[in-house]
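Given next are the chains, with one letter for each unit.
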Amino acid sequence: MRTLKLEIDRSTFSLLWTSLHTRENELLNRINEFGEDSDEAADAANDVIALRLYKKELKAQAEEVFDENAFIVSDEAY
């Protein structure tokens, strides 16, 4: 199996993290739109599972490097 190792800074990580969060929400909306029993929802659910596993691994690695603000997925002030 081939792997790709990337070195990214905090800003790039934040963009990546936000994009993954947005994609997950799009997939969840697709499940809601088509209904849980549809083929479209089944495909989206499989993608959600894979995405969440990837995010879990990525977060574990990123927490060792970046501060908690790197994980913010909204531009709203807290």
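Another point: the side chain of Glu24. Tracing the chain through its elements places Glu24 in helix α1 (residues 10–34). Its relative accessible area of 9% is what places Glu24 among the buried residues. Beyond its immediate sequence surroundings of up to four residues, Glu24 is in contact with Leu51, Arg52 and Lys55.

With that settled, consider the layout of surface pockets. What the largest pocket holds in volume is close to 500 Å³. Leu6, Ile8, Tyr54, Leu58 and Gln61 are, among the 14 residues lining the largest pocket, the residues nearest its centre. Ranked by residues supplied to the lining of the largest pocket, first place goes to helix α2 (residues 39–63) with 5 residues. Classifying every residue of the lining of the largest pocket by side-chain character gives 10 nonpolar, 2 polar and 2 charged.

Counting 14 residues, the largest nonpolar core has Phe13 and Phe71 as the members making the most contacts within it. Mapped onto this core, the elements with two or more residues apiece are α1 and α2. Per-element tally for this core: the top contributor is α2, with 6 residues. Residues within four places of Phe71 in sequence aside, it is in contact with Phe13, Trp17, Lys59, Ala62, Glu63 and Phe66.

The next subject is α1. With 25 residues, α1 should reach 36 Å at 1.5 Å per residue; the first-to-last C-alpha distance of 36 Å fits that figure. Within the sequence span of α1, burial applies to Phe13, Ser14, Trp17, Leu20, Glu24, Leu27 and Ile31. Count one or two residues on from α1 and you reach Gly35, which has phi positive near 90 degrees.

How each quantity is defined
Residues numbered from 1 in each chain as written. Predicted model: local features only at pLDDT ≥ 70, side-chain atom pairs only at ≥ 80, totals over all residues. Heavy atoms only, no water. Helix = DSSP H or I, 4+ residues; strand = E, 2+ residues; numbered from the N terminus. Buried < 20%, exposed > 50% of the residue type's maximum accessible area, 1.4 Å probe, protein only. Contact = heavy atoms within 4.5 Å. 1 Å grid on protein atoms, 1.4 Å probe; cavity = no way out; pocket = protein on both sides within 12 Å on 5 of 7 lines; lining within 4 Å. Points joined across faces, edges and corners; volume = space filled by probe spheres on them. Nonpolar A, V, L, I, M, F, W, Y, C, P; charged D, E, K, R; others polar. Core = buried A, V, L, I, M, F, W, Y, C linked by side-chain atoms within 4.5 Å. Expected span 1.5 Å × (residues − 1).

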